[in-house]
Amino acid sequence: MRLGIFGGTFDPIHIGHLVVAQVALEEAGLDRVLFVPAGVNPLKVGRTVTDGSHRLKMVELAIADSPQFGVTSWELDRPGPSFTVDTVEHIREQHPDDELFLIIGADNLRLLPKWKSVERILEQATLLALNRPGEDLKTSCQMVLALYPHINESVRIVDMPGLDISSTWLRDRLCHNLSVKHLLPAEVIRYSEENKLYDDSVSQ
Ligand SMILES: Nc1ncnc2c1ncn2[C@@H]1O[C@H](COP(=O)(O)OP(=O)(O)OP(=O)(O)O)[C@@H](O)[C@H]1O
Ligand SMILES: O=C(O)c1ccc[n+]([C@@H]2O[C@H](COP(=O)([O-])O)[C@@H](O)[C@H]2O)c1
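Residues numbered from 1 in each chain as written. Chains lettered and ligands numbered in written order. Predicted model: local features only at pLDDT ≥ 70, side-chain atom pairs only at ≥ 80, totals over all residues.

- The protein carries the name Probable nicotinate-nucleotide adenylyltransferase in an unreviewed UniProt entry, which gives Tumebacillus flagellatus as its organism.
- Under the UniProt heading Pathway (unreviewed entry), the note attached to the protein is "Cofactor biosynthesis; NAD(+) biosynthesis; deamido-NAD(+) from nicotinate D-ribonucleotide: step 1/1."
- Checking UniProt for the protein, the heading Function (unreviewed entry) contains the comment "Catalyzes the reversible adenylation of nicotinate mononucleotide (NaMN) to nicotinic acid adenine dinucleotide (NaAD)." (UniProt positions renumbered as here; feature names shortened; annotations may be inferred.)

1. What about the site of ligand 1?
And then number 1: Taken together, 18 residues are adjacent to ligand 1, and Gly8, Gly16, Gly105, Ser167 and Thr168 come closest.
And then number 2: For the shell around ligand 1, the secondary structure elements donating two or more residues are helix H1 (15-27), strand S4 (99-105), helix H4 (106-111) and helix H7 (167-175).
And then number 3: The element best represented in the shell around ligand 1 is H1, accounting for three residues.
And then number 4: Counted by class, the shell around ligand 1 contains six nonpolar, nine polar and three charged residues. (Near = placed C-beta within 6 Å. Helix = DSSP H or I, 4+ residues; strand = E, 2+ residues; numbered from the N terminus. Nonpolar A, V, L, I, M, F, W, Y, C, P; charged D, E, K, R; others polar.)

2. Overview of helix H3 (residues 84-94)
And then number 1: Taken together, the buried positions of H3 are Thr84, Thr87, Val88 and Ile91. Angular distribution of buried residues about the axis of H3 spans 95°; they occupy a single face of the element.
And then number 2: Packed against the buried residues of H3 are strand S1 (2-8), strand S2 (32-37), S4, helix H5 (118-124) and strand S5 (125-130). (Buried ≥ 20, exposed ≤ 12 C-beta atoms within 10 Å, placed from the backbone. Arc of directions from axis to C-beta. Contact = placed C-beta atoms within 7 Å.)

Now the structure itself:
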């Protein structure tokens with residue numbers, strides 16, 4: 001099986017994430033994409049994020065009608081920062097015969113050299129890097145290839161229609177009672193409103 005791993009804070013999950021996963025699935029011929037909501041991003045320790053149980057639920061609601069998408073609470077169930085190397089090595093143990101792909105947006109690819117044990121990640125998984133407005137994906141890709149030349153085959157650019165949206169922008173809109181219709185799945189909007197998740201989120 002060709003298995004895509006898609007880690008993120010997903011606070012909340014939005015259509016940008018879903019398009020990333022769908023395009024990666026189709027363009028890289030994946031059989032499945034596994035969403036991995038992060039406990040704490042190691043580079044953003046101290047930032048306030050919505051409780052993991054709510055972020056997990058919103059991912060579950062968002063992917064409910066996509067049989068090739070799945071989600072794991074593995075990072076949320078562990079204390080401390082969520083290092084992708086641990087997640088990838090755990091998934092490798094669970095799926096010894098699968099081909100693994102790590103799906104990553106351009107902003108995170110730019111930050112990859114700051115991640116823990118990048119070589120170990122790249123030994124286990126091919127990176128699928130997707131463009132994001134405001135990011136120079138090709139330059140980030142060249143930078144990664146220059147830093148890790150022996151993993152030349154391990155980074156692949158996947159083009160997607162640019163969607164200039166982020167969870168931060170959506171949290172602000174929700175907080176200001178501005179419409180997020182069509183930007184988040186309807187079930188996610190309903191869940192976030194019922195649980196008053198983003199009523200006071202401007203400073204997050
Ligand atoms: N609009 C988008 N286009 C392409 N990639 C995206 C987009 N939004 C998020 N991603 C990618 O999805 C992954 C998870 O992103 P994350 O959950 O941090 O979303 P975000 O919108 O960047 O959130 P925040 O605004 O809270 O930082 C990252 O690899 C990120 O690069
Ligand atoms: O492993 C690391 O050192 C590392 C450093 C920064 C970010 N990550 C992961 O990158 C993913 C995207 O993070 P974020 O906050 O942009 O959604 C998420 O799964 C994080 O755990 C991982």
